[in-house]
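Structural overview
In case you want the letters, here they are:
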Amino acid sequence: MKRTLAALGAAFAMISVAPASAQTALKWAHVYEASEPFHTESVWAAEEIKKRTNGRYTITVYPASQLGKEADINQGLTLGTVDIIISGSSFAAKEYKPIGVTYYPYIFRDPAHLIAYTKSDVFRKLAAGYEEETGHHILAATYYGTRQTTTSNRVIKTCADLKGLKIRVPDAPAYLAMPRACGANTAPIAFAEVYLALQNGTVEAQENPLTAIDAKKFYEVQKNVILTGHITDHLNIIISQSRWASLSDEDKKIFTEVTQQAAERATKIVEEREAKLLTAFKERGLNIVEVDKKDFEKTVLEKAPVEMYGYRKEDYDAIRAVK
């Protein structure tokens with residue numbers, strides 16, 4: 001089915017996409033709000049590409065699912081309805097499983113490590129595998145936020161402290177790895193229902209980036225912010241097969257450089273927000289708890305090894321080795 005769609009998309013592109021002339025209009029789509037750095041820095045990138053190509057490309061950025069949900073815009077790359085998208089590696093992994101290793105707990109040390117990875121040989125290898133499978137090209141990756149844990153009452157210091165904890169976790173393998181390896185009882189409650197579930201005690205904990213914890217006001221129904229830092233979450237900037245093929249080598253270099261700069265700019269904004277939120281949570285009376293991350297990492301590797309999820313240990317090792 002994927003290859004049929006790719007063939008249709010390529011055929012459509014041959015008919016509808018002409019080489020860049022005086023001005024070529026492109027569509028850039030994502031599901032995030034216009035106030036988020038993933039949008040504001042995409043707009044910056046669009047203007048920068050226009051400037052560096054002397055106006056040969058004009059890019060309109062469509063935020064907040066204006067051109068469809070995340071699954072829709074991923075398919076839109078193949079169908080030719082969008083040129084560039086922002087999407088998580090969980091969606092890329094549906095097409096090319098090995099790239100899902102980037103969601104494995106503790107694979108990235110911090111956001112700087114994530115950005116360094118996007119400039120490494122292992123990134124190019126995984127991106128090439130995804131491109132071979134789908135035809136689409138990953139230009140850059142943006143830091144989305146580090147996933148932390150919040151609890152109603154229990155203070156967590158080590159992996160074993162999670163044993164028996166009722167925690168809401170998204171129903172995806174990489175997200176389940178850490179809590180299950182530590183013996184927690186996971187519940188795949190819809191994101192929109194998490195606040196109520198925490199409030200009425202259906203679950204006593206949840207995990208999300210600090211920005212999401214703030215936006216959804218989970219701090220109102222939780223007492224502890226546990227800095228498990230188990231997943232350095234990220235988003236990919238992806239350009240369609242047909243559009244990438246239409247670019248000259250010079251323009252490919254411009255698109256790559258600009259989107260990677262945009263990713264770094266967005267990453268910095270998210271990091272600054274997270275730092276301020278820790279202070280804000282303390283001021284709201286929450287208990288901020290540091291954990292033994294080495295204990296968590298060791299337990300996850302032993303009880304939920306990367307191979308269990310169909311990922312390659314060689315990719316994990318290569319990413320961990322990136323400086």
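Here the structure is shown first, and the text comes after it.
Described in the following lines is the structure provided in the data block. Every value quoted in this text rests on a predicted model; they were computed, and no experiment measured them. (Residues numbered from 1 in each chain as written. Predicted model: local features only at pLDDT ≥ 70, side-chain atom pairs only at ≥ 80, totals over all residues. Heavy atoms only, no water.)

**With respect to the packing of aromatic side chains**
Applying the stated rule across the entire model yields eleven aromatic pairs. Judged by centre distance (5.2 Å) and plane angle (55°), the ring pair of Tyr32 and Phe38 falls under tilted. In this structure, Tyr32 and Phe38 share a single accessibility class: buried. A centroid spacing of 5.9 Å and a plane angle of 40° characterise the contact between Tyr219 and Phe281, whose relative ring orientation is tilted. Here Phe281 lies in helix α11 (residues 249-283) and Tyr219 lies in the loop between α9 (210-215) and β8 (224-239), a separation of 62 residues in the sequence. Grouping residues by exposure puts Tyr219 and Phe281 together as buried. Grouping aromatic residues by their ring pairs yields a cluster made of Tyr32, Phe38 and Tyr144. The ring of Trp44 has Arg265 sitting right over it, with the charged end atom 4.2 Å from the ring centre. Over the ring of Tyr219 we find Arg284; its NZ or CZ atom is 4.1 Å from the centre of that ring. (Phe/Tyr/Trp six-rings, centres within 6.5 Å; stacked < 30°, edge-to-face > 60°. Buried < 20%, exposed > 50% of the residue type's maximum accessible area, 1.4 Å probe, protein only. Helix = DSSP H or I, 4+ residues; strand = E, 2+ residues; numbered from the N terminus. Lys NZ or Arg CZ within 6 Å of the ring centre and 35° of its normal.)

**Some points on the nonpolar core**
In terms of nonpolar packing, the biggest core is built from 78 residues, with Phe255 and Phe296 touching the most fellow members. The residues contacting Phe255, other than those within four sequence positions of it, are Leu26, Ile49, Tyr57, Ile59, Ile84, Leu139, Ile239 and Leu247. (Core = buried A, V, L, I, M, F, W, Y, C linked by side-chain atoms within 4.5 Å. Contact = heavy atoms within 4.5 Å.)

**As for the side chain of Arg168**
Here Arg168 shows up in strand β5 (residues 166-168). Here Arg168 is buried and forms no salt bridge, its nearest opposite-charge partner Glu207 lying at an N-O distance of 5.0 Å. Separated by 2.8 Å, the side chain of Arg168 and the backbone oxygen of Ile189 make a polar contact. Discounting chain neighbours no more than four positions away, the residues touching Arg168 are Ala187, Ile189, Ala190, Phe191, Val194, Val203, Ala205, Gln206, Glu207 and Asn208. (Lys, Arg positive; Asp, Glu negative; His and termini not counted. Salt bridge = Lys/Arg side-chain N within 4 Å of Asp/Glu carboxyl O. Polar contact = N/O pair within 3.5 Å; in protein donor to acceptor, adjacent residues only side chain to side chain.)

**Considerations on the state of the cysteines**
Structurally, a disulfide amounts to a covalent bond that connects the sulfur atoms of two cysteines. A complete count under the given rule lists one disulfide for this structure. Sulfur-sulfur distance for the disulfide between Cys159 and Cys182 comes to 1.8 Å. Of note, the bridge from Cys159 to Cys182 carries an S-S torsion of about -105° and is left-handed in sense. Taken together, the residues Cys159 in the loop between β4 (137-151) and β5 and Cys182 in the loop between α7 (173-181) and β6 (185-187) connect sequence positions 23 residues apart. (Disulfide = S-S within 2.5 Å.)

**Points about the packing of helix α6 (residues 121-134) against helix α13 (residues 313-321)**
Between two packed helices, both the angle of their axes relative to each other and the distance between the axes serve to describe the pair. Closest axis-to-axis distance for the α6/α13 pair is 9 Å, and the angle between their directions is 145°. Residues Val122, Lys125 and Leu126 of α6 pack against Glu314, Asp315, Ala318 and Ile319 of α13. Across the contact of α6 with α13, the residue classes tally to four nonpolar, no polar and three charged. (Axes fitted to C-alpha atoms, helices over the stretch in contact; angles between N-to-C directions. Nonpolar A, V, L, I, M, F, W, Y, C, P; charged D, E, K, R; others polar.)

**Remarks on the pattern of salt bridges**
Following the criterion strictly, the structure yields 18 salt bridges and no others. In this structure, Arg265 engages Glu41 in a salt bridge whose closest nitrogen and oxygen atoms are separated by 2.5 Å. Of this pair, Arg265 sits in helix α11 while Glu41 sits in helix α2 (residues 37-52), and the two are 224 residues apart along the sequence. Here Asp251 ties to Arg56 by a salt bridge, and the two come within 2.8 Å at their closest N and O atoms. Of this pair, Asp251 sits in helix α11 while Arg56 sits in the loop between α2 and β2 (57-62), and the two are 195 residues apart along the sequence. The exposure class assigned to Arg56 is partly exposed, which follows from its relative accessible area of 25%. Each member of the salt-bridge network shares a partner with another, and the members are Glu48, Lys51, Arg52 and Glu257.

**With respect to the environment of Leu247**
Along the chain, the position of Leu247 falls in the loop between α10 (241-246) and α11. According to the relative accessible area criterion, Leu247 is buried, its value standing at 5%.

**Regarding the pairing of strand β3 (residues 84-88)**
Regular strands show a simple pattern: their side chains alternate between the two faces of the sheet. With five of five residues buried, β3 lies mostly within the body of the structure. What you see with β3 is no split at all: Ile84, Ile86 and Gly88 on one side and Ile85 and Ser87 on the other are buried throughout. Relative to β3, strand β1 (residues 24-29) is paired through two bridges, and the arrangement is parallel. Note that in β3 the partner of Trp28 across the bridge is Ile84. Sheet topology places β3 next to β8; five bridges connect them, and they run antiparallel. The residue of β8 that forms the bridge with Ile86 is Ile237. (Pairing = 2+ DSSP bridges.)

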